Amino acid sequence: MSVIEFENASYSYTGGELLSDVSLSVSTGSFYFITGPSGSGKTTFLKMCYGALVPNSGHVHLFDHDLRQMTRDEVAHASRKIGVILLDCQFLDHMSVTENIALPLAVSGEDRLSDNMNLKELLSWVGLIGRADALPPELSGGERQRAALARAVIMSPDIILADEPTGNVDWEMSQRLLQLLIELNKMGKTVLLASHDLSLIRLAKSQVQARVLRIANKRIQLAGANL
Amino acid sequence: MTAIYNNLIGLILGDRQRDRVVPPTGYTASLTTFTSAAMAFLAVFAIALSLAASRLSDHWSESLARSSTLRISAPAPQIQQQLDLAMEILDTTPGIASARVISLEEQRSLLEPWFGPEVPFESLPLPKLIDIEENSSGYDGQSLRLRLIADVPGAVLDDHTRWRRPLVTAAHRLWALGMFSIVLMAATSAAIITLAARAAMSANAQVISVLRLIGAQDNYISAAFVRRFTFRAFNGASLGGAFGAVVVYFFQGQTDQLSILTGLGFQGTEWLWLIIVPPLMGIVAYIATRRSAGLVLRGLS
């Protein structure tokens, strides 16, 4: 069953076409790497995956709903099933790490912080239990990425989208973040990870059955064995 | 209907978590509060002006509408005869409840403020005045004038219409001016609060971006701003309105001798009008912020 489906989708901006005629079906529980040179359209592709951008032509289906037919509120509702981690992960700087991580629960109107145990487990899982009351500006780059990961998974989403999550962290932290994403994939979550770090992709392929998509010349294609 | 009810309850009760997503500081907070306070202060005076004008209009309309004056000017030997004739005519005119000759003492008290107490009014050829009170059906002025011309040539009937009408018109215009001022103040408040709300949303673009990323719907995002602006406007208007009320109260007390201004203020239950000022400002802020939040969020998509 596919959770995201691209059907001849193209996206262009005032500067010109960024992605052209993309067709792809992302099935439940799969692990995809999206790679390509800087500016090739990886972020644009991911933004269409969570409804932040709508294709100019063709179709993108989120959970079997055509993105172009969905209202903003419907997209927002659907995106609750998608956890997003961005390179410049943003937080509400006046709220603590714990509050930021729990924010998706509050926004969705689900059980507020009543289930403290789960939140503590989550903080512990990403190694931020000691930084629970810190404010986001006090966190290091790696801690911010892990906080973003915790916020992305707190709603137990079906899909995790990560756009260069290891871009601002050292190799050790990159490996740690990758391990967390692999764990999520093994729990049945679909993971799409955009990265230009080929060594990270090689490392992941040794542990999980991942497909690598390469974006070049505005088109997306399945990369071969040679990365 | 249910959605409106839920919105209203949500607005009043709030949501602790949602209320915290927008940082509480920023110049827009003081701008909104100050604007609402200033406009509420001015609105109190506009309401006072409107109510005073309305009272004056009612007073002039009611107290003068049912009364008129008959003035008889004639040579001294004829004046009593004409007065008696006029009284006979008035007594038999349908629509007149009573007619009473104004005594010399009453005339003296009317003229003294202009001529002083030393003037010998007894020796002056003053015209005779008859105060006429109409009954509820009123009299036919045209017909009465014709009868008076025929029988009492020195009589002039003044039904006060000539000078009452412009006074009442002026009072109505003052009332309308007060109401227009209130509308203008509400519109100005809405414009300033709209600008403040837009500035707040621009300043909090990161907050909106984060909320969108985690699946917040427009309603949630706008409510975080709307509630804050509504309560800032309400609180500011409460302060400004209370201050305006205190000033009007003391203003009333100190202007006893300025007859034209003594009416400017509130009487009895009229003070209750001030209760509507803060909620009105809150409603203006709610509509202005909700509308601008909607436009900003649509623009960001």
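Residues numbered from 1 in each chain as written. Chains lettered and ligands numbered in written order. Predicted model: local features only at pLDDT ≥ 70, side-chain atom pairs only at ≥ 80, totals over all residues. Heavy atoms only, no water.

## Quick word on the overall build of chain B
No. 1: If you tally the helices and strands in chain B, you get 10 helices and four strands.
No. 2: Each helix and strand of chain B, placed in order from N terminus to C terminus, yields the pattern α-α-α-β-α-β-α-β-α-β-α-α-α-α.
No. 3: Relative to its full complement of 301 residues, chain B shows a buried share of 42%.
No. 4: The contacts in chain B between residues at least 6 apart in sequence include a share of 83% that link residues at least 24 apart.
No. 5: Surface exposure of chain B reaches about 16600 Å², of which carbon and sulfur atoms provide 65%.
No. 6: Taking the 23 positively charged and 22 negatively charged side chains of chain B as two groups, their mean positions are separated by 24 Å. (Helix = DSSP H or I, 4+ residues; strand = E, 2+ residues; numbered from the N terminus. Buried < 20%, exposed > 50% of the residue type's maximum accessible area, 1.4 Å probe, protein only. Contact = heavy atoms within 4.5 Å. Areas by Shrake-Rupley, 256 points an atom, 1.4 Å probe, with all protein chains shown as cover. Lys, Arg positive; Asp, Glu negative; His and termini not counted. Charge placed at Lys NZ, Arg CZ, Asp CG, Glu CD.)

## A few points about the domain arrangement of chain A
Residues and elements named next belong to chain A.
No. 1: Segmentation of chain A into domains returns domain 1 (1-81 + 157-227) and domain 2 (91-155).
No. 2: A separation of 23 Å is found between the C-alpha centroids of domain 1 and domain 2.
No. 3: Of the residues lining the interface, 12 residues belong to domain 1; the matching set on domain 2 comes to 13 residues.
No. 4: Summing the contributions of domain 1 and of domain 2, the shared interface buries around 1200 Å²; its carbon and sulfur component is 69%.
No. 5: Area buried by domain 1 at its contact with domain 2 is led by Arg80, Pro157 and Leu180, which between them contribute 41% of it.
No. 6: Counting the contacts that link domain 1 with domain 2 gives zero salt bridges.
No. 7: Our count for the domain 1 to domain 2 interface comes out at two residue pairs in polar contact (both at pLDDT 80 or more). (Domains from an automatic or database assignment. Buried area = accessible area lost by both parts, 1.4 Å probe. Salt bridge = Lys/Arg side-chain N within 4 Å of Asp/Glu carboxyl O. Polar contact = N/O pair within 3.5 Å; in protein donor to acceptor, adjacent residues only side chain to side chain.)

## Notes on the pattern of salt bridges
No. 1: Applying the stated criterion to the full structure yields 11 salt bridges over all chains.
No. 2: The residue Glu106 of chain B makes a salt bridge to Arg100 of chain B at a minimum N-O spacing of 2.9 Å.
No. 3: Connected through salt bridges with shared partners, the residues Arg72 of chain A together with Arg212 and Asp218 of chain B form a single ionic network.

## Some words on the domain arrangement of chain B
No. 1: Domain assignment breaks chain B into domain 1 (2-61 + 165-300) and domain 2 (74-153).
No. 2: Using only C-alpha atoms to locate each centre, domain 1 of chain B and domain 2 of chain B end up separated by 55 Å.

## Here we look at the interface of chain B and chain A
No. 1: Contacts between the two partners involve 22 residues from chain B and, on the opposite side, 22 residues from chain A.
No. 2: Summed over the shared surface of chain B and chain A, the number is two salt bridges.
No. 3: The shortest N-O distance in the salt bridge between Glu99 of chain A and Arg20 of chain B comes to 2.2 Å.
No. 4: Where chain B packs against chain A, one counts nine residue pairs in polar contact (both at pLDDT 80 or more).
No. 5: At the level of secondary structure, the elements contributing two or more residues to the side of chain B that touches chain A comprise helix H2 (16-20), helix H8 (205-213), helix H9 (218-253) and helix H10 (277-300) of chain B.
No. 6: Ranked by residue count, the leading element in the side of chain B that touches chain A is H8 of chain B, at seven residues.

## Section: the confidence of the model for chain A
No. 1: Confidence in the prediction of chain A, expressed as mean pLDDT, is 87, and 95% of residues score 70 or more.
No. 2: The model gives residues 112-116 of chain A a pLDDT under 50, and that stretch makes five contacts with residues more than four places away or in other chains. (pLDDT = per-residue confidence, 0-100.)

## Focus: the packing of helix H6 (residues 171-186) of chain A against helix H7 (residues 198-205) of chain A
Angle between the axes and distance between the axes are the two parameters that describe a pair of packed helices.
Residues and elements named next belong to chain A.
No. 1: Relative orientation of the contacting elements H6 and H7 amounts to 40°, with a least axis distance of 11 Å. The angle between the axes of H6 and H7 places the two elements in the oblique class. With respect to the hand of their crossing, H6 and H7 are arranged in right-handed fashion. Contacts between H6 and H7 pair Trp171, Ser174, Gln175, Leu178 and Ile182 from the former with Ser199, Leu200, Leu203 and Ala204 from the latter.
No. 2: A breakdown of the residues in the contact of H6 with H7 according to their chemical character gives six nonpolar, three polar and no charged. (Axes fitted to C-alpha atoms, helices over the stretch in contact; angles between N-to-C directions. Parallel < 35°, antiparallel > 145°, perpendicular 65-115°, else oblique. Left-handed = near helix turned anticlockwise from the far one by under 90°. Nonpolar A, V, L, I, M, F, W, Y, C, P; charged D, E, K, R; others polar.)

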